[in-house]
Amino acid sequence: MHYKTLERIFSFLGILFILFAMLFLFAIAIKLFVDGMHRIFDLKFYTSYPSRFPDQAGILSSLVGTIYVMAGAIFWSIFLGVPAGIYLEEFGGKGRIARIIEANITNLSAVPSIIYGLLALGIFVYRFNFGESILTAGLTLGLLMLPVIVVTTRESLRRIPRAIREGAYALGATNYELVFHHLLPYSFGGILTGVIIATSRAIGETAPLLTIGALTFIAFLPPPPWEDFIGMLKSPFTVLPIQMFNWVSRPQEEFHYNAAAAGFILLVVCLLLNSVSFYLRYKLRKKYTW
Amino acid sequence: MKIEHKKKLDYLFKGFLIFTSLVSIFVTLAIVIALIEDTIKFFTHQEAGGFPTSLIRFFTEREWTPTFEIKKIGIWPLLCGTFLIAFIAMIISVPLGLVIAVYLSEFASYRIKESVKPWLDFLEAVPTVVYGYFALLGVTPLLQWILGKFGLVVEGMNALSPGIVLGIMILPFTASLVEDSLRGVPQYLREASYSLGASKLETAFKVVVPAARSGILSAYLLGASRAIGETMVVAVAAGMFPNLTLNPLEPVQTITGYIVQVALGDLPFNSFEYLSIFAAGFLLFIVSLFFNLLAIYFKSKIERY
């Protein structure tokens, strides 16, 4: 056969496979939308608690739980991840400790997420006695987000030219001043992109929360943090993916519609977060040209 | 502020930075310690028959029923289910990933590449429990319909549909890693091939792909490691029945699926069921670590031209 024809066939095959993958994405979105349609547009779905009756069951407690848990996870991952990224990129050098930490973080990002769940169950729940609570869930997801945040922090610091650091030191800035007056402001956008991507991944994460005993039937809300912060941290929780998993694993078909509706909301949130991070990355590429 | 105070603050600040990076080491150590400690407790537990016999039983028995009255602790059904599903996923993911990667790196124009990439990334952003839903209620009925025409009975829970869904789920990940390693092949190799009269397709598959083979292998190993550790898709769609079979149309249980199943119940601390998920999890950790280390090894083998 003529090689031009072969090339055309191959290009066609490549596009076909990519379209197939995309079709899969659309098929998922449409399937969820169609199955869950009458719940998605039902206002009561968002304002009621889980119930034995599929038509009255809602996602209020799992929505609120998701917000609390993710707030905790974002706090921990930023609190631990950004300084670690700064240390490795700016002060770690090529020393042995820095190399070990680096290899370690690469390995951590490849550990299956359910193993994090076992860690949380063994260490946080039973050895530290945090219980099966919002605090434990936030810590667990925070650790899961950690490697992503460290890597993106390093990448966005790497883009800042050396001259800025040398200029700051030449004017007598300490490390602290260099980081807070120069490096963090310039790399803020990049770090934010990393946080958003890590958040979108953690929001959909189910497995590690299942093992630490997320309840699926919670008919009350945790106390608001401004009234009882410790009580909020200690209160049991459920999150959207767990609620969805619970509904999908029931035999009654009516519950599957609820699962589809919850899944659709989850999907929309994740895709929105991803689009925001794309937009940010696109804008940042234009903003700084050193 | 006095300069001495500034210096002190600076030390504190640097100490804080070092502390936070050491946390990652603590986490790894904690994972390993928690897993090993409870795994040892599992193997020395009364109900498993104490250390030496229980380890032998772990690898010789053919059933996995630690939660039943009669406890059998042969790991093979779980391992078999895990590898069966990962294998199906790789059957989907390897050829599709290779074609997409070669197409994107060697054939596609810049504009196509830029517009396709975000969509592949979206595929990666879909929550895994959503993939599970789709496997159970979208792909399985479809397979039942199609394979039913050939007279094959597909059960409601089976290994095939989560395998296929997993394969597509890891596709963007493997494809982009493969593409990276293809792009690492220097341009002059392609030019040399063209100048000898090879066509574009011949260059791609006879020069570029072989030159990037360690990178490609490493990408697929990482993909396989993901498929092995993935939980929600298999927990929803593969069934909850540890089954020593290679038939993809039957329900199976994976290691991750078992952990989810047991964790859903109320687990008394240090009970036999509680310890069994740590033993299974430890094995999963070892298997995925092995794949990752292999991937790192092959990555280090990438030839620098």
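Note that the coordinates shown come from a computational prediction; the quantities given were computed from them, not determined experimentally. (Residues numbered from 1 in each chain as written. Chains lettered and ligands numbered in written order. Predicted model: local features only at pLDDT ≥ 70, side-chain atom pairs only at ≥ 80, totals over all residues. Heavy atoms only, no water.)

Draft legend 1. Here's a closer look at the environment of Met232 of chain B. Along the chain, the position of Met232 of chain B falls in helix 11 (residues 232-237). With 100 residues separating them along the chain, Met232 of chain B and Gly132 of chain B place their C-alpha atoms 6.0 Å apart. Ignoring any residue separated from it by four or fewer positions in sequence, one finds Met232 of chain B in contact with Thr206, Ala207, Leu210 and Phe245 of chain A together with Thr128, Val129 and Gly132 of chain B. (Helix = DSSP H or I, 4+ residues; strand = E, 2+ residues; numbered from the N terminus. Contact = heavy atoms within 4.5 Å.)

Draft legend 2. Broad picture of unusual backbone geometry. In the Ramachandran plot, Asn129 of chain A falls in the positive-phi region, its phi being about 60° despite a non-glycine side chain. Among the structural elements, Asn129 of chain A can be located in the loop between helix 5 (113-127) and helix 6 (134-158).

Draft legend 3. Here's a closer look at the nonpolar core. Judged by nonpolar contacts, the single largest core of 187 residues is most densely connected at Phe245 of chain A together with Tyr131, Leu182 and Ile277 of chain B. The dominant element in this core, judged by the number of residues it contributes, is helix 3 (residues 76-107) of chain B, at 16 residues. Composition of this core by domain shows at least three residues from each of domain 1 (2-43) and domain 2 (76-300) of chain B. In this structure Leu182 of chain B touches Ala101, Val102, Ser105, Glu106, Arg190, Val208, Val209, Ala212 and Ile216 of chain B, once residues within four positions along its chain are discounted. (Core = buried A, V, L, I, M, F, W, Y, C linked by side-chain atoms within 4.5 Å. Buried < 20%, exposed > 50% of the residue type's maximum accessible area, 1.4 Å probe, protein only. Domains from an automatic or database assignment.)

Draft legend 4. How the structure looks around the interface of chain A and chain B. Taken together, the contact between chain A and chain B spans 73 residues of the former and 78 residues of the latter. Summing the contributions of chain A and of chain B, the shared interface buries around 7000 Å²; its carbon and sulfur component is 81%. Our count for the contact surface shared by chain A and chain B stands at 3 salt bridges. Here chain A is connected to chain B by 11 residue pairs in polar contact (both at pLDDT 80 or more). Class assignment of the residues belonging to the side of chain A that touches chain B gives a composition of 54 nonpolar, 14 polar and 5 charged. (Buried area = accessible area lost by both parts, 1.4 Å probe. Salt bridge = Lys/Arg side-chain N within 4 Å of Asp/Glu carboxyl O. Polar contact = N/O pair within 3.5 Å; in protein donor to acceptor, adjacent residues only side chain to side chain. Nonpolar A, V, L, I, M, F, W, Y, C, P; charged D, E, K, R; others polar.)

Draft legend 5. Broad picture of a nonpolar patch on the surface. Residues Phe75 and Phe79 of chain A together with Phe16, Phe19, Phe26, Leu29 and Ile33 of chain B make up a contiguous nonpolar surface patch of about 680 Å² in total accessible area. Of all the elements in the fold, those that place two or more residues in the nonpolar patch are helix 3 (60-91) of chain A together with helix 1 (3-43) of chain B. Per-element accounting of the nonpolar patch gives the leading share, 5 residues, to helix 1 of chain B. As for its position among the elements, Phe79 of chain A is in helix 3. On the accessibility criterion, Phe79 of chain A (34% relative accessible area) is partly exposed. (Patch = residues over 30% accessible without salt bridge, like charges linked within 9 Å, V, L, I, M, F, W, Y side chains within 5 Å. Areas by Shrake-Rupley, 256 points an atom, 1.4 Å probe, with all protein chains shown as cover.)

Draft legend 6. Geometry of the layout of surface pockets. The volume enclosed by the second largest pocket comes to roughly 340 Å³. As for the second largest pocket, its lining consists of 16 residues, and the residues nearest its centre are Phe124, Phe128, Leu139 and Leu143 of chain A together with Val23 of chain B. Listed by contribution, the elements that provide at least two residues to the lining of the second largest pocket are helix 3, helix 5 and helix 6 of chain A together with helix 1 of chain B. When residues in the lining of the second largest pocket are grouped by element, the largest group, 5 residues, is from helix 1 of chain B. When its residues are assigned to classes, the lining of the second largest pocket shows 16 nonpolar, no polar and no charged. (1 Å grid on protein atoms, 1.4 Å probe; cavity = no way out; pocket = protein on both sides within 12 Å on 5 of 7 lines; lining within 4 Å. Points joined across faces, edges and corners; volume = space filled by probe spheres on them.)

Draft legend 7. Quick peek at the domain arrangement of chain B. Residue and element names in this part refer to chain B. Taken as a whole, chain B is organised into domain 1 (2-43) and domain 2 (76-300). Measuring from the centre of the C-alpha atoms in domain 1 to the corresponding centre in domain 2 gives 33 Å. Taken together, the contact pairs 9 residues of domain 1 with 10 residues of domain 2. Both faces considered, domain 1 and domain 2 share a buried interface measuring about 890 Å² in area, 81% of it formed by carbon and sulfur atoms. Taken as a group, Leu35, Asp38 and Phe42 account for 57% of the area that domain 1 buries against domain 2, more than any other trio of residues on that side. Remark: the boundary between domain 1 and domain 2 carries 0 salt bridges. Linking domain 1 to domain 2 there are 1 residue pair in polar contact (both at pLDDT 80 or more).

Draft legend 8. The UniProt feature "transmembrane region" (unreviewed entry) in chain B, seen in detail. All names here are of chain B. Per the UniProt record, "transmembrane region" (unreviewed entry) is found at residues 12-36, 75-104, 125-147, 159-178, 219-241 and 274-298. Summarising residues 159-178: 90% helix, 0% strand, and an end-to-end C-alpha distance of 26 Å. Secondary structure over residues 274-298 splits into 100% helix and 0% strand, and the C-alpha atoms at its two ends are 37 Å apart. (UniProt positions renumbered as here; feature names shortened; annotations may be inferred.)

Draft legend 9. Seen up close, the UniProt feature "domain: ABC transmembrane type-1" (unreviewed entry) in chain B. When the UniProt feature table is mapped to this numbering, "domain: ABC transmembrane type-1" (unreviewed entry) covers residues 79-295 of chain B. Secondary structure content for residues 79-295 of chain B is 77% helix and 0% strand, while the C-alpha to C-alpha distance between its ends is 20 Å.

Draft legend 10. Here's a closer look at the UniProt feature "transmembrane region" (unreviewed entry) in chain A. Residues and elements named next belong to chain A. Here the UniProt feature "transmembrane region" (unreviewed entry) sits at residues 12-34, 67-88, 108-128, 134-152 and 255-280. Between the C-alpha atoms that bound residues 67-88 there is a distance of 31 Å. The span itself is 100% helix and 0% strand. Strand forms 0% of residues 108-128 and helix 76%; the C-alpha atoms that close the span are 22 Å apart.

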